[in-house]
Amino acid sequence: MFEILKKYVFDDPEQDDVWENKHAFFRIDEGELEETEEALGRDLPLELKTFYEEVGYGFLCIGEGNNVNRIISAIEIADFVEGINDYENDPRREYYNESDKMVFFEVSSDVFIVLDLEQENSHGQCPLYYFNKKIANNIEEFIIKMDLEPNYYIDSL
């Protein structure tokens, strides 16, 4: 499903040439998806789960602008929701606290893109929102748009 990114999957972030690529992704640990779903008390949307299984977590459009552009790891989603580890005192949790939204993409140190869980379709896909603006119908569409025009959604506000 996410063929355009598979050539950017690496085993080690310390590998010399990783950060010279357009994108960089890293495999998730075995059992991380189950651990995440258990911590959340719900299944991850199927498209997101498939992304983690096929690609992992990591960065889109490295060096394009000033944004982080990071698909956070599955376990970080649970950490964010629970307010633990790196997210224990994170002020962003106050803004992104709706139970029908799931953070998954870190735009910058202040902003996330979220999946709208209430609008999950029969294929396990959720629309993506940047603030209150819908920017893609699903993760695959978002990745294709980002690959063509990094941070395309910022100009849409």
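Residues numbered from 1 in each chain as written. Predicted model: local features only at pLDDT ≥ 70, side-chain atom pairs only at ≥ 80, totals over all residues. Heavy atoms only, no water.

Chemist: Break down the overall build of the chain for me, citing the residues and quoting the values.
Modeler: Across its full length, the chain holds 6 helices and 8 strands. The C-alpha atoms of the chain give 15 Å as radius of gyration, which agrees with the globular expectation for 157 residues (15 Å, within 12%). Along the three orthogonal principal directions, the C-alpha set of the chain runs to about 40 × 35 × 35 Å. The proportion of buried residues among the 157 residues of the chain is 48%. Of the roughly 8,400 Å² that the chain leaves accessible, carbon and sulfur atoms contribute 42%. A gap of 7 Å separates the mean positions of the 13 positive and 38 negative side-chain charges of the chain. (Helix = DSSP H or I, 4+ residues; strand = E, 2+ residues; numbered from the N terminus. Rg over C-alpha atoms; globule rule 2.2 N^0.38 Å. Buried < 20%, exposed > 50% of the residue type's maximum accessible area, 1.4 Å probe, protein only. Areas by Shrake-Rupley, 256 points an atom, 1.4 Å probe, with all protein chains shown as cover. Lys, Arg positive; Asp, Glu negative; His and termini not counted. Charge placed at Lys NZ, Arg CZ, Asp CG, Glu CD.)

Chemist: Give me the lowdown on the side chain of aspartate 79, citing residues and values where you can.
Modeler: Summarising the element assignment, aspartate 79 is placed in helix H4 (residues 74-82). The buried charged residue aspartate 79 lacks any salt bridge partner; its closest oppositely charged side chain belongs to arginine 70, at an N-O distance of 9.5 Å. Other than its neighbours up to four places away in sequence, aspartate 79 contacts Ile84, Asn85 and Tyr87. (Salt bridge = Lys/Arg side-chain N within 4 Å of Asp/Glu carboxyl O. Contact = heavy atoms within 4.5 Å.)

Chemist: Can you lay out the packing of aromatic side chains for me, pointing to particular residues and giving the numbers?
Modeler: According to the stated counting rule, one finds 19 aromatic pairs in the structure shown. Consider the rings of tyrosine 152 and tyrosine 153, whose centres lie 5.6 Å apart with planes at 85°: the pair is edge-to-face. Considered together, tyrosine 152 and tyrosine 153 belong to a single accessibility category, that of buried residues. Joined through ring pairs, the aromatic side chains of Phe80, Tyr87, Tyr95, Tyr96, Phe104, Phe105, Phe112, Tyr130, Phe131, Phe142, Tyr152 and Tyr153 make up one cluster. (Phe/Tyr/Trp six-rings, centres within 6.5 Å; stacked < 30°, edge-to-face > 60°.)

Chemist: Describe the pattern of salt bridges, with residues and values.
Modeler: Across all of its chains, the model carries 14 salt bridges by this definition. The partner of glutamate 54 in a salt bridge is lysine 6, with the nearest N and O atoms 3.6 Å apart. Note that glutamate 54 is positioned in helix H3 (residues 46-54) and lysine 6 in helix H1 (residues 3-6), a separation of 48 residues in sequence. A salt bridge links lysine 22 to aspartate 147; its shortest N-O distance comes to 3.1 Å.

Chemist: Describe the sheet that holds strand E8 (residues 133-136), with residues and values.
Modeler: The strand order E1-E2-E3-E4-E5-E6-E7-E8 describes an open sheet built from 8 strands, whose pairing is mixed. Of all the strands in the sheet, the pair left with one neighbour each is strand E1 (9-10) and E8. Examined bridge by bridge, strand E4 (residues 70-71) and strand E5 (residues 101-106) share 2 bridges and lie antiparallel to one another. By the bridge assignment, arginine 70 is partnered in E5 with glutamate 106. Seen against the sheet, H4 touches E4, E5 and strand E6 (112-116) and runs at an angle of roughly 125° to E5. (Pairing = 2+ DSSP bridges. Axes fitted to C-alpha atoms, helices over the stretch in contact; angles between N-to-C directions.)

Chemist: I'd like a description of the nonpolar core, backed by residues and values.
Modeler: With 46 residues, the main nonpolar core has Phe104 and Phe142 as its most contacted residues. Those elements giving two or more residues to this core turn out to be helix H2 (32-40), H3, H4, E5, E6, strand E7 (128-130), E8 and helix H6 (139-148). Apart from the residues lying within four places of it in its own chain, the contact partners of phenylalanine 142 are Leu60, Phe104, Phe105, Ile113, Leu128, Ile135, Ala136, Tyr152 and Tyr153. (Core = buried A, V, L, I, M, F, W, Y, C linked by side-chain atoms within 4.5 Å.)

Chemist: So what about the side chain of serine 73? Which residues, and what values?
Modeler: Relative to the helices and strands, serine 73 is located in the loop between E4 and H4. When neighbours within four sequence positions are excluded, serine 73 is seen to be in contact with Glu32, Tyr52 and Tyr57.

Chemist: Got a sec to walk through the pairing of E8? Specific residues and values, please.
Modeler: As judged from the 3 bridges shared by E7 and E8, these two strands associate in the antiparallel manner. Among the inter-strand pairings, leucine 128 is bridged to a residue of E8, identified as alanine 136. Once E7 ends, the chain turns through 2 residues before running back antiparallel as E8, passing phenylalanine 131 with a positive phi of about 55°.

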